[in-house]
Amino acid sequence: VTAETHDLAVVGAGIVGLAVARAAALPPDEGGLGARVVVLEKEDRVAAHQTGHNSGVLHSGIYYKPGSAKALNCRRGKALMETFCAEHGVAYELCGKVIVATDEDEVPRMMNIFERGQQNGVTCEVVGKERLAELEPHANGVQAIPVPESGIVDYVGVCARLAGQVRAHGGAVRF
């Protein structure tokens, strides 16, 4: 057995652990720390728990209070995730979603969501029943907010690429 020396050990090969490990392993000229990193994972693969079992949603930030840390981080994180996926060949799709007010009582809450979206820079609009039927024939509502920039992403694929980058910069991922 050969002893290995690392500057940093990260426990967990989910998206958070691997993103931290990648950031530490990247050289300083690429925005990292240039550290020798080892990721320790109790399972036999990356993203074996929460990251690999979530809905895969790429959130637009429409629901968050304008100017809040959640809103700002969501918008920035979405853009960064799209760039990462495009650069590293990870599957993602901006398939959109529709937020529906099923009756008149829900319209004021829906309008609040719309206003938040507008203030957060989310591409969205308010549409009536006819346009809703065109967008989503199975939805029944009085008004809706199409959000075309919402999407889905392969977070397991993201983790695989992050692990590959850790290794490419001299780090290790141990299962």
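Preceding this paragraph is the structure being described.
Okay, so let's go over this structure. Please read all numbers here as calculations on a predicted model, not as lab measurements. The residue numbering used here restarts from 1 in each chain and proceeds along that chain's sequence as written. The model is predicted, so local features are restricted to residues of pLDDT at least 70 and side-chain atom pairs to those at 80 or more, both for listing and for counting; the totals for chains, interfaces and linings are taken over all residues. With hydrogens and water excluded, all non-hydrogen atoms of the structure serve as input to the side-chain values.

**Section: the overall build of the chain**
- Helix and strand assignments come from DSSP, with helices taken as H or I runs of at least 4 residues and strands as E runs of at least 2, each series counted from the N terminus. For the chain, the helix and strand inventory stands at 6 helices and 9 strands.
- Dimensions of the chain along its principal axes, counting C-alpha atoms only, are 70 × 30 × 25 Å.
- When accessible area is computed with a 1.4 Å probe and restricted to protein chains, residues below 20% of their type maximum are described as buried, those above 50% as exposed, and intermediate ones as partly exposed. A buried classification covers 37% of the 175 residues belonging to the chain.
- As displayed, the chain has an accessible area near 10000 Å², and 53% of this comes from carbon and sulfur atoms.
- Only four residue types enter the charge count: Lys and Arg as positive, Asp and Glu as negative, with His and the chain ends excluded. Every charge is mapped onto a representative atom, which is NZ of Lys, CZ of Arg, CG of Asp or CD of Glu. Averaging the locations of the 17 positively and 21 negatively charged side chains of the chain gives two centres separated by 6 Å. Calculation of accessible area relied on Shrake-Rupley with a 1.4 Å probe; when residues are assessed, cover is drawn exclusively from the protein chains displayed.

**Details of the environment of Ala144**
- Take Ala144: it is sitting in strand S7 (residues 143–147).
- Taking C-alpha positions, Ala144 is 14 Å from Tyr63, a pair spaced 81 residues apart along the chain.
- Any pair of residues with heavy atoms lying within 4.5 Å of one another is described as a contacting pair. Among residues more than four places away in sequence, those in contact with Ala144 are Val98, Ile99, Val100, Met110, Glu125, Val126, Val127 and Leu132.

**Points about the pairing of S7**
- The element S7 is extensively covered by neighbouring structure, given that 4 of its 5 residues are classed as buried.
- DSSP-based pairing: two strands are paired if at least 2 bridges between them are found. Of the pairings in the sheet, the one linking strand S6 (residues 127–128) to S7 comprises 2 bridges and is antiparallel in character. Each bridged residue has a counterpart across the sheet, and for Val127 the counterpart in S7 is Ala144.

**Describing the nonpolar core**
- By size, the foremost hydrophobic cluster in this structure holds 24 residues, and its most contacted members are Leu18, Val37, Val39, Val46, Met81 and Val158.
- Of all the secondary structure elements, the ones that give two or more residues to this core are helix H1 (15–25), strand S2 (37–40), helix H3 (69–88) and helix H6 (155–168).
- It is H6 that contributes the most residues to this core, 6 residues altogether.
- Non-local contacts of Val46, meaning those with residues more than four positions away in its chain, are made with Ala13, Leu18, Val156, Cys159, Ala160, Ala163 and Phe175.
- We define the nonpolar core as a collection of buried residues of types Ala, Val, Leu, Ile, Met, Phe, Trp, Tyr and Cys that are connected through side-chain atoms lying within 4.5 Å of one another. The next biggest cluster of nonpolar side chains, apart from the first, holds 11 residues, and it includes Ile62, Phe114, Cys124 and Ile145.

**Re H1**
- Within H1, burial applies to Gly17, Leu18, Ala21, Ala24 and Ala25. All buried residues of H1 lie within an arc of 125° about the axis, which places them on one face of the element.
- In this structure, the buried side of H1 is in contact with strand S1 (8–11), S2 and H6. Our arc is simply the arc of the directions from the helix axis toward the C-beta atoms.

**Some remarks on the sheet that holds strand S8 (residues 151–153)**
- One open sheet holds the 3 strands; their spatial order is S3-S8-S4, and the pairing between them is antiparallel. At either margin of the open sheet sits one strand with a lone partner, and together these are strand S3 (57–58) and strand S4 (92–93).
- When S3 meets S8, the two strands line up antiparallel, connected through 2 bridges. The partner of Leu58 across the bridge, within S8, is Gly151.

**Observations concerning the pattern of salt bridges**
- Take a side-chain nitrogen of Lys or Arg and a carboxyl oxygen of Asp or Glu: if they are within 4 Å of each other, that pair is a salt bridge. All told, the structure shown has 6 salt bridges when counted by the stated rule.
- Linking Arg75 and Glu149 is a salt bridge whose minimum nitrogen-to-oxygen distance equals 2.3 Å. Of the two residues, Arg75 sits in helix H3 while Glu149 sits in the loop between S7 and S8, which places them 74 residues apart along the sequence.
- Residue classification places Arg75 among the partly exposed positions, given a relative accessible area of 23%.
- Linked by salt bridges that have partners in common, Arg75, Lys78, Glu82 and Glu149 make up one network.

**Section: the packing of H3 against H6**
- Note on geometry: axes are lines fitted to C-alpha atoms, helical ones only across the stretch in contact, with angles between N-to-C directions running from 0 to 180 degrees. At a minimum axis distance of 11 Å, the contact between H3 and H6 shows a crossing angle of 70°. Relative to H6, the element H3 lies roughly perpendicular. Crossing of H3 against H6: the hand is left-handed. In this structure, H3 uses Met81, Phe84, Cys85 and His88 to contact H6, whose residues at the interface are Tyr155, Val158, Arg161, Leu162 and Gln165.
- In the contact of H3 with H6, the residues fall into 6 nonpolar, 2 polar and 1 charged. Small angles under 35 degrees read as roughly parallel and large ones over 145 as roughly antiparallel, with 65 to 115 read as roughly perpendicular and the rest as oblique. By convention, the crossing between two helices is left-handed when the near helix turns anticlockwise from the far helix through less than a right angle, and right-handed when the turn is clockwise. Gly is placed with the polar residues, together with every amino acid not listed as nonpolar (Ala, Val, Leu, Ile, Met, Phe, Trp, Tyr, Cys and Pro) or charged (Asp, Glu, Lys and Arg).

Read these as layout, nothing more, since geometry by itself doesn't imply function.
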